[in-house]
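# Notes for the structure review
Below are the chains, spelled out letter by letter.
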Amino acid sequence: MSRRLLILGSTGSIGTQALDIVQRSDELELVGLSAERSWEQLIGQAREFGVDRIALADADAGARAAEAWTDGEVLVGAEGLVRLVLESGADLVLNGLVGSAGLGPTVAALGEGIDLALANKESLVVGGELVTQLAEATGAQLIPVDSEHSALHQLISGERPGAVDKLVLTASGGPFRGRTRAELEGVTVDEALKHPTWAMGGKITIDSATLMNKGLEIIEAHHLFGTPYDQIDVVVHPQSIVHSLVLLCDGAALAHLGYPDMRVPISYALHHPERVDVPLRPLDLAELGSLTFEPPDRDAFPCLRLAYEAGRAGGTAPCILNAANEVAVHAFLQGRLSFLGIPAVVEDTLARLDTQPVRAFESLYDADREARAVAAELISDGVTA
Ligand code: MG
């Protein structure tokens, strides 16, 4: 059975690895591609895979693409992404966008009953209940691409809900594992971008260094699996071989193992419930020798606590957390904010804004906008730098 696949964010880390999976597959037919602004690369991909509909989030890049490529349709802007989802006739959308910009296309796909392979964790962090309710209402499947959640999805599928006592997310600990808070003062962008085990885009690599990535993943797991926060734990595992585990009521613990390679969870999400070959060497535990585990340092990496707090507060709090973090990480990458300024900006933004209940997606877009403005102001005032 062939599946019509649309990839959002096809020039990014998830997108290019997904294209590698598509290239090896007889079952996946690409019907659309999108990028933020890398229009030349996007056109190259469209030509290579015979796609006749693309979208660019950036208007200027979209205009250039429309001029250079006349073999198909170029859609532009946030609305263009949504139109691409609605008009491409896809059975499955892979959302590999970065940040809360991924929420609109997630809502569009699930609202149409289109299955979603979700690499954009922010869709669930920000949209939470509304996104999962939408999937339930239309019957669309929501398959996580995040490696930890893909592992949990596979581990949980055979268990009745009451049998799972705890979800344990593993974290690599990032490049600064073992450092004290004082030792994190003055770390550079280059140091923060050196992830020890996973090759990923810039935003998520910084999030891994602050442990905000794990914080966002806790909220993501809460919504994906309907698990209360006190039943979700984090353990640091520097080798990134165990991708997560579940603790069951009878004392059994199930873990998912493999070399850190995103093509595994991508392939799982694109072929679910089937499995297909991915060309990886088999896991060799004897060669690895030892796997180590340690508790996260919550003092040096306050983003973990902030995410738990925002998740438990619910309403717009996770949306505010995420928006402030996006602005802070962007400022850090540009050299306008220190590394320790990232959690400080997030905490101060959450303190300045009241958490509101969420009844419609509009209230999320408003909270996102407001939190970005507050975070930007905090950074430009140098309050938390
Ligand atoms: Mg992950």
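Each residue is numbered by its place in its chain's sequence as written, counting from 1. Per-residue local features are limited, in this predicted model, to residues with pLDDT of at least 70; the limit for side-chain atom pairs, both in listing and counting, is 80 or more; totals at the level of whole chains, interfaces and linings are taken over all residues. Derived side-chain values reflect all non-hydrogen atoms in the structure, with water molecules and hydrogen atoms excluded from consideration.

### Regarding the layout of surface pockets
Our working definition: Put plainly, a pocket is an open set of points on a 1 Å grid over the protein atoms alone with protein on both sides within 12 Å along at least five of seven lines, a cavity is a set where a 1.4 Å probe fits but cannot get out, and a lining residue has an atom within 4 Å of a point. Grid points are joined across faces, edges and corners, and a volume is the space filled by probe spheres set on the points. Helix and strand labels come from DSSP, where a helix needs a run of H or I of at least four residues and a strand needs a run of E of at least two; each type is numbered from the N terminus.
Estimates place the volume of the second largest pocket at around 450 Å³. Forming the boundary of the second largest pocket are 23 residues, of which Ile156, Leu224, Phe225, Gly226 and Thr227 lie nearest the centre. When residues of the lining of the second largest pocket are traced back to their parent elements, those giving at least two are helix H6 (122-138), helix H7 (147-156), strand E8 (164-171) and helix H10 (212-225). It is E8 that provides the largest number of residues to the lining of the second largest pocket, a total of four residues.

### Considerations on the sheet that holds E8
Applicable threshold: One requirement defines pairing of two strands: DSSP has to find at least two bridges between them. Where helices are involved, their axes are fitted lines through C-alpha atoms of the stretch in contact, as for all axes, and angles between N-to-C directions lie from 0 to 180°. Pairs of residues are marked as contacts when any of their non-hydrogen atoms sit within 4.5 Å.
The four strands lie next to each other as E9-E8-E10-E11, forming an open sheet whose pairing is mixed. If you trace the sheet from one side to the other, it starts and ends with strand E9 (232-236) and strand E11 (253-257), each paired once. Each adjacent strand pair in this sheet contributes to an overall mean axis angle of 20°, direction not counted. Taken together, the five bridges between E8 and E9 define a ladder with parallel strand orientation. Considered in E9, the bridge of leucine 169 is made with valine 234. Those strands touched by H7 are E8, strand E10 (242-248) and E11, and its axis lies near 40° from that of E10.

### Examining the domain arrangement of the protein
Definition in use: Throughout the structure description, domain borders are defined by an automatic or database domain assignment. By convention, the term buried area covers the 1.4 Å-probe accessible surface removed from two parts as they join, with the contributions of both added. For this analysis, a salt bridge means a side-chain nitrogen from Lys or Arg found within 4 Å of a carboxyl oxygen belonging to Asp or Glu. For this scheme, ten residues count as nonpolar: Ala, Val, Leu, Ile, Met, Phe, Trp, Tyr, Cys and Pro. Four count as charged, namely Asp, Glu, Lys and Arg, and the remainder, Gly too, count as polar.
Split by domain assignment, the protein resolves into domain 1 (3-144) and domain 2 (314-385). One C-alpha centre belongs to domain 1, the other to domain 2, and the line joining them spans 26 Å. When domain 1 packs against domain 2, the two sides together hide about 870 Å² of surface, and 70% of this comes from carbon and sulfur. Contact with domain 2 buries surface across domain 1, with Ser100, Val126 and Leu130 losing the most and accounting together for 54% of the total. Our count for the domain 1 to domain 2 interface comes out at zero salt bridges. Broken down by secondary-structure element, the contributors of at least two residues to the side of domain 1 that touches domain 2 are helix H5 (103-111) and H6. Its residues assigned to classes, the side of domain 1 that touches domain 2 comprises six nonpolar, four polar and one charged.

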